[in-house]
Amino acid sequence: MATIFSKIIKGDIPCYKIAEDENFFAFLDINPIAKGHTLVVPKIEVDNFFHLDDTILMSYMPFCKKVSIAIEKVVPCNRVGMSVIGLEVPHAHVHLIPLNNMGDASFSKKKLEFSKEEFQEISNAIAKQFQIDFL
């Protein structure tokens with residue numbers, strides 16, 4: 001059975017897309033803990049991040065790096081942190097989270113709420129920056 005992330009990648013479920021290549025897909029988290037909180041998922045459906053093929057893992061971080069650079073240029077922050085938790089969806093994924101302090105990385109804090117227009121504005125700005133820098 002396809003995961004929600006596989007359905008997003010295929011376009012069956014809408015998302016606020018940031019970037020994609022042949023192996024990865026990046027989109028805004030709809031339950032963000034920070035403005036610009038982005039998920040990066042491999043297109044291959046594997047439950048556990050550390051069970052991904054080494055070849056995919058080797059290209060995962062460079063793709064995440066490009067997305068994080070675009071996020072940093074759009075969302076004011078000290079840096080973009082990365083979290084690999086993967087319990088909520090059985091599809092390997094990385095959270096890229098704009099950070100100004102350690103508390104910004106807490107998944108136990110209240111999730112931020114944005115309108116559809118705000119989500120679209122954020123994703124468009126990050127996607128545009130990604131295209132400027134890397135395409």
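Everything below is about the structure shown above.
Predicted model, so just to flag it, every value in this text is computed and none were measured.

Some points on a nonpolar patch on the surface
Part 1 of the reasoning: Taken together, Phe-50, Met-61, Met-82 and Val-84 make up a surface patch of nonpolar side chains, about 380 Å² in accessible area.
Part 2 of the reasoning: Positionally, Met-61 belongs in helix 2 (residues 54-74).
Part 3 of the reasoning: Given a relative accessible area of 32%, Met-61 falls into the partly exposed group.

Things to note about the pairing of strand 2 (residues 24-28)
Within a regular strand, side chains alternate between the sheet's two faces.
Part 1 of the reasoning: Burial of strand 2 is extensive: five of the five residues sit out of reach of the surface.
Part 2 of the reasoning: The alternating pattern of strand 2 places Phe-24, Ala-26 and Leu-28 on one face and Phe-25 and Phe-27 on the opposite face, and all of these are buried.
Part 3 of the reasoning: Sheet topology note: the strand 1 (residues 17-20)/strand 2 ladder contains three bridges and is antiparallel. Paired with Glu-20 across the two strands is Phe-25, which belongs to strand 2.
Part 4 of the reasoning: The hairpin turn running from strand 1 into strand 2, its antiparallel successor, is three residues long.
Part 5 of the reasoning: Sheet topology note: the strand 2/strand 3 (residues 38-42) ladder contains five bridges and is antiparallel. Bridged to Leu-28 within strand 3 is Thr-38.

Some words on the sheet that holds strand 5 (residues 94-99)
Sheets are built from strands paired through backbone hydrogen bonds, the pairs being either parallel or antiparallel.
Part 1 of the reasoning: Taking strand neighbours across the sheet as the criterion, the five strands line up as 1-2-3-5-4 in an open arrangement whose pairing is antiparallel. Since the sheet does not close on itself, it has two edges, and those belong to strand 1 and strand 4 (79-83), each with one partner. Between one strand and the next, the sheet's axes are offset by a mean angle of 20°, whatever the strand orientation.
Part 2 of the reasoning: Bridge analysis of strand 4 against strand 5 gives five bridges, and the strand direction is antiparallel. Residue pairing across strands places Arg-79 opposite Leu-99, the latter belonging to strand 5.
Part 3 of the reasoning: Taken strand by strand, helix 2 contacts strand 1, strand 2, strand 3, strand 4 and strand 5, and its axis lies near 160° from that of strand 3.

The rules we used
- Residues numbered from 1 in each chain as written.
- Predicted model: local features only at pLDDT ≥ 70, side-chain atom pairs only at ≥ 80, totals over all residues.
- Heavy atoms only, no water.
- Patch = residues over 30% accessible without salt bridge, like charges linked within 9 Å, V, L, I, M, F, W, Y side chains within 5 Å.
- Areas by Shrake-Rupley, 256 points an atom, 1.4 Å probe, with all protein chains shown as cover.
- Salt bridge = Lys/Arg side-chain N within 4 Å of Asp/Glu carboxyl O.
- Helix = DSSP H or I, 4+ residues; strand = E, 2+ residues; numbered from the N terminus.
- Buried < 20%, exposed > 50% of the residue type's maximum accessible area, 1.4 Å probe, protein only.
- Pairing = 2+ DSSP bridges.
- Axes fitted to C-alpha atoms, helices over the stretch in contact; angles between N-to-C directions.
- Contact = heavy atoms within 4.5 Å.

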